[in-house]
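Residues per chain, in single letters:
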Amino acid sequence: MTTNKLDHLYETFEILDDWEERYRVIIDLGRHLPPMDEALKTEETKVRGCLSQVWMVTRVSDDDPVRYEIIADSDAHIVKGLIAILLMAYSGKTLDEIRSVDIDAVFEKLGLDQHLSPNRRNGFYSMVERIRTLSAVT
Amino acid sequence: MNSATRIEQPESAAAAPDLTLDVERIRNDFPILKQTVHGKPLAYLDNAASAQKPQAVIDAISEAASTCYANIHRGVHRLSELSTSAHEAAREKARAFLNAASAKEIVFVRNATEGINLVASSFGGHVLHKDDEILITHMEHHSNIVPWQLLCEKTGARLVVAPVTDEGELDMLAFGDRITSRTRMIAVNHVSNALGTINPVKRIIGLAHAQAIPVLLDGAQAAPHMAIDVQDLDCDFYVFSGHKVFGPCVGVLYGKKDHLEAMPPYMGGGDMILSVSFEKTLFNDIPYKFEAGTPDILGAIGLGAALDYVQSIGLDRIAAREQDLLRYATETLSAIPGLKIVGTAAEKAAVVSFVIDGIHPHDIGTILDREGVAVRTGHHCTQPLMDRFNVPATARASMAFYNTHDEIGRLASAIQKTIRMFA
C-alpha cells in the first residue's frame, strides 16, 4: 500500500512539469501529515539541523510488531512535505524492508535529490541518516 | 542593466566626489555572476556568507601557481624567493588595506574565526585570570562567543554580554554599565552579520581605553564594505576574512605590535622558530611567530589581488553603492505585506534579514533558490541573537557592490511568489 502511494506520487510528478506545481504538491502533502503529539516533541526526539527543526519518533507498530512506524514533524512546510514522502518509503515496514529502500533513488526520481545533500544541513537530512542508522544497527 | 544609470549622479554635482560605479563593467569582472541556476540568471545575495571572486583574483592565483610557486621563507632557490616576495607583498597590501603602522602587525590566519581564537588563546590566556570579565555583545557571531567561552572555562573568567535594542542596535548605556573594574577584554563585531548593524566601535574603544581595556574588533562583515583604519580606530586587534573581501579563504589578524610581541605563540611548528633544541626553542619575530607551518601561499597572493581590486574601485564608492542598494532593498521588501525586517538600526551595512508570517525561512530559501535567487536562511551562527528576537531563523539578503536593483526586484518577486505558494 505504501509503495502505491509513492507510485501515485511519481505519476503526479510526471504530469506536472512545472517545479512550482510540484512544490505545491509537497506543501500539500506536508499539510496532510498526521499531526505529531506535542508531548513527543522533546529534546530527545529533536533531530538537529541548522535551518529547520525536525522531531522524529520510531516505534514498533501496534498492529504488527515486526513493522516500524515513523512519527515526525517539522516547523518548515516543505520539510513536512518531504517527511510525508519519507514516510511513504519507510513507515509501516520491517527492518529488512527499510534496509532495502533506496531513498536516494526515490528522491532522484522525484527531482528532489538536492534535499538529501549533506550541505543542506537541515533536520531532514539528519532524519534520513537516523533512519539509516536505525536499520543498520538493529 | 539599468541599475548603472539609476545611481549615476548628475554631472553638475562636481563639488562632491564622484562615487558612481559602472556596475555593468564591474559585473563582467566576476565570471560566476553569469551563471544560471535552475534555468534562471543567478541573483547572488549571499555575500555576507562569502563573496564572489573577480577575474583578477582567479588570474593572480593561477599566474602564481604557473610561474612562481614554491614554499616560502626557507629556500634559497629562485622560485622560493619569488614566492616569498609575492607572499610578503600580500602582507604589505593587507597592511595598507587596514592602514596598520607596520606589516609586522599583520598575521595571516585561516579566517577571522582563527584570528579571534588566536587572540583569545594567546593574548587572553596571557592576561585573564579567575573572576576577570570579558565583555561581548548579544549580536556576536558564534566565532566571537565560543573562543571566549573556552577561555573562560580555562581561566575561570566570566563572559559578560551587552544587550541589543529592539532595532538591533547596541544599547550603549548598558554597554558602558557592563565595563567594570574586572573587565580585561572587550570583543565586539564592527558590523553584525545577521542584522547588518554598524556598531559605534570608536566610541566603544574610547570607553574601553579610558579604563585601559584592550578591544578586539571582528571586522569580518565590515572589511568588504567600508574603509578601515586601525590606527584611527586605535583598536588593539582587528580580524577579517579574505573570502568575504572577494578573495580566497585566508584571514588577516591585525594586532598592535606591543601586544603581539608580548603574546606567546599560538601553535608550534616550522617557520615560527629561530632555533630549536630539545632543551630550549627560540621563537621567531612577529608576525612569523604566529604562522607555524606552511601557510596558504597562493591564498595570500590571491587575497593581495582581491585587496588591490577593491582598492581600485575604492571603498568610498563601494560604500555609497551599497547604501543605495540597502535603501532600495529596505523600501522594496518593507512594502511586502506580512514581511518583517529584523534589524532596523540607523547605521547598517547592506544586509536585510527578514521573516514572513507563517512561512519558515527554510521554505523561503527553498523557493527563492528555484527562482535563481541565492539568500542565506538559518540562524547565521548567531543563535543568542535569534533568541533575542524570538525567531528560530531568518532569511537574509546581503548585497555587494556588484548587485543591482534588478536583482533586488527579482528577490521581491520571488518572495511574493513564495507567499502565494504558501497561502
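**A look at the sheet that holds strand 4 (residues 106-109) of chain B**
Strand-to-strand pairing in sheets goes through backbone hydrogen bonds, with the strands running parallel or antiparallel.
All names here are of chain B.
Move 1: With mixed pairing, the seven strands of this open sheet are ordered in space as 4-10-9-8-7-5-6. The open sheet has two edge strands with one neighbour each: strand 4 and strand 6 (158-162). Ignoring which end each strand starts from, the neighbouring axes of this sheet average 20 degrees apart.
Move 2: Pairing geometry for strand 5 (residues 133-137) and strand 7 (residues 183-189), over three bridges, is parallel. Bridge pairing in strand 7 links Glu 133 to Thr 183.
Move 3: Across the sheet, helix 8 (residues 201-210) lies against strand 7 and strand 8 (215-218), angled at about 160 degrees from strand 8, the strand it touches most.

**Some thoughts on the interface of chain A and chain B**
Move 1: With 18 residues of chain A at the interface, the matching set in chain B holds 21 residues.
Move 2: Three residues stand out in chain A for area buried against chain B, namely Trp 19, Leu 51 and His 77 of chain A, and they jointly supply 35% of the buried area on that side.
Move 3: For the interface between chain A and chain B, the tally reads one salt bridge.
Move 4: Measuring nitrogen to oxygen at the nearest pair gives 2.9 Å for the salt bridge that ties Lys 417 of chain B to Glu 20 of chain A.
Move 5: Seen at the junction of chain A and chain B, the total is seven residue pairs in polar contact (both at pLDDT 80 or more).
Move 6: Of all elements in the fold, only helix 2 (19-31) and helix 3 (77-90) of chain A reach the threshold of two or more residues within the side of chain A that touches chain B.
Move 7: Considering only residue class, the side of chain A that touches chain B consists of eight nonpolar, five polar and five charged.

**Brief notes about the pattern of salt bridges**
Close approach of charged atoms lets side chains of opposite charge pair.
Move 1: Taken as a whole, this structure holds 34 salt bridges over all chains when the rule is applied.
Move 2: Here Asp 96 of chain A makes a salt bridge to Arg 99 of chain A, at a shortest N to O gap of 2.8 Å. Here the residue Asp 96 of chain A and the residue Arg 99 of chain A both occupy positions in helix 4 (residues 95-100), the gap between them amounting to three residues, near one helical turn.
Move 3: Judged by its relative accessible area of 57%, Asp 96 of chain A is exposed.
Move 4: Of the residues examined, Arg 99 of chain A reaches a relative accessible area of 40% and is grouped as partly exposed.
Move 5: Here Lys 93 of chain B ties to Asp 308 of chain B by a salt bridge, and the two come within 2.8 Å at their closest N and O atoms. Of this pair, Lys 93 of chain B sits in helix 4 (residues 78-98) while Asp 308 of chain B is found in helix 11 (residues 297-313), placing the two residues 215 residues apart along the sequence.
Move 6: Take Lys 93 of chain B: its relative accessible area is 30%, and that puts it in the partly exposed class.
Move 7: Judged by relative accessible area, which is 37%, Asp 308 of chain B ranks as partly exposed.
Move 8: Here the residues in one salt-bridge network are Glu 20 and Arg 24 of chain A together with Lys 40, Glu 371 and Lys 417 of chain B, joined through shared partners.

**Observations regarding empty space enclosed by the protein**
Residue and element names in this part refer to chain B.
Move 1: For the coordinates displayed, the defined rule picks out one cavity of 30 Å³ or more.
Move 2: Within this model, the largest cavity holds a volume of roughly 40 Å³.
Move 3: For the largest cavity, the full set of lining residues is Asn 47, Ala 48, Ala 51, Pro 224, His 225, Lys 244, Phe 246, Met 399 and Ala 400.
Move 4: In terms of residue class, the lining of the largest cavity is made up of six nonpolar, two polar and one charged.
Move 5: Each of domain 1 (11-53 + 314-422) and domain 2 (58-311) accounts for three or more of the residues forming the lining of the largest cavity.

**Some remarks on the layout of surface pockets**
Move 1: Quantified by volume, the largest pocket comes out at close to 1,000 Å³.
Move 2: Taken together, 41 residues make up the lining of the largest pocket; nearest its centre are Asp 46, Ala 49, Val 375, Arg 376 and Thr 377 of chain B.
Move 3: The set of elements that each furnish at least two residues to the lining of the largest pocket consists of helix 5 (112-127), helix 13 (361-370), strand 15 (373-374) and strand 16 (376-378) of chain B.
Move 4: Split by residue class, the lining of the largest pocket holds 14 nonpolar, 19 polar and eight charged.
Move 5: Of the residues that make up the lining of the largest pocket, three or more belong to each of domain 1 (11-53 + 314-422) and domain 2 (58-311) of chain B.
Move 6: Counted as a void, the second largest pocket has a volume near 500 Å³.
Move 7: The wall of the second largest pocket is formed by 22 residues, among which Lys 5, Pro 34, Leu 87, Met 88 and Ser 91 of chain A lie closest to the centre.
Move 8: Where the lining of the second largest pocket is concerned, the elements lending two or more residues are helix 1 (2-15), helix 2, strand 3 (67-74) and helix 3 of chain A.
Move 9: A per-element tally of the lining of the second largest pocket places strand 3 of chain A first, with five residues.

**Focus: unusual backbone geometry**
All names here are of chain B.
Move 1: At the junction of Ile 286 and Pro 287, the peptide bond is cis and its omega measures out at 0 degrees in the coordinates.
Move 2: Mapped onto the elements of the fold, Pro 287 is located in the loop between strand 12 (281-283) and helix 11.
Move 3: Phi angles above zero are rare outside glycine, and Asp 234 is one such case at about 65 degrees.
Move 4: Counting through the fold element by element, Asp 234 comes out in the loop between helix 9 (230-233) and strand 9 (237-241).
Move 5: The class for Asp 234 is partly exposed, based on a relative accessible area of 33%.
Move 6: The backbone of Asn 390 shows a phi angle near 60 degrees, a positive value even though the residue is not glycine.

**Section: the nonpolar core**
All names here are of chain A.
Move 1: Counting residues in hydrophobic clusters, the biggest one holds 71 residues, and the most contacted among them are Ile 103 and Phe 107.
Move 2: When residues in this core are grouped by element, the largest group, 11 residues, is from helix 3.
Move 3: With sequence-adjacent residues up to four places away left out, Ile 103 is seen in contact with Leu 86, Ala 89, Tyr 90, Leu 116, Val 128 and Arg 132.

**Points about the pairing of strand 7 of chain B**
Move 1: Burial analysis of strand 7 of chain B places six of its seven residues in the buried class, which makes it a mostly covered element.
Move 2: Once you follow strand 7 of chain B into helix 8 of chain B and on to strand 8 of chain B, the crossover reads as right-handed.

Reading guide: rules and limits
The residue numbers shown here count from 1 along each chain, following its written sequence. Going through the entries in the order they are written, you letter the chains from A and number the ligands from 1. Predicted model: local features are reported for residues with pLDDT of at least 70 only, side-chain atom pairs are reported and counted for 80 or more only, and whole-chain, interface and lining totals are derived from all residues. Values shown for side chains rest on all heavy atoms present in the structure; no hydrogens or waters enter the calculation. Only when DSSP finds a minimum of two bridges between them are two strands counted as paired. We count a stretch as a helix when DSSP gives it H or I for four or more residues in a row; a strand needs E for two or more, and each element gets its number in order from the N terminus. Convention adopted: a line fitted to C-alpha atoms gives each axis, helices being fitted over their contacting stretch, and angles between N-to-C directions are expressed from 0 to 180 degrees. By the convention used here, residues are in contact when the closest approach between their heavy atoms is within 4.5 Å. Each of two parts loses accessible area, computed with a 1.4 Å probe, when they are put together; buried area is these two losses added. When a carboxyl oxygen of Asp or Glu lies within 4 Å of a side-chain nitrogen of Lys or Arg, that pair is called a salt bridge. Any N or O atom pair separated by 3.5 Å or less is treated as a polar contact, with the protein-specific requirement of one donor-capable and one acceptor-capable atom, and with residues adjacent in sequence counted only for side-chain atom pairs. Side-chain classes follow a simple rule in which Ala, Val, Leu, Ile, Met, Phe, Trp, Tyr, Cys and Pro form the nonpolar group, Asp, Glu, Lys and Arg form the charged group, and the remainder, Gly included, forms the polar group. For the exposure calls, accessible area comes from a 1.4 Å probe over protein chains only, and a residue counts as buried if that area is under 20% of its type's maximum, exposed if over 50%, partly exposed in between. Here a cavity means grid points, on a 1 Å grid over the protein atoms only, where a 1.4 Å probe fits yet cannot get out; a pocket means an open set of points with protein on both sides within 12 Å along at least five of seven lines; lining residues are those with an atom within 4 Å of a point. Grid points are joined across faces, edges and corners, and a volume is the space filled by probe spheres set on the points. Segmentation into domains, and thus their bounds, comes from an automatic or database assignment. The criterion is simple. A nonpolar core is a set of buried Ala, Val, Leu, Ile, Met, Phe, Trp, Tyr and Cys residues joined through side-chain atoms within 4.5 Å. When the strands point away from the viewer and the connection leading from the first strand across the helix to the second strand turns clockwise, the crossover is called right-handed.

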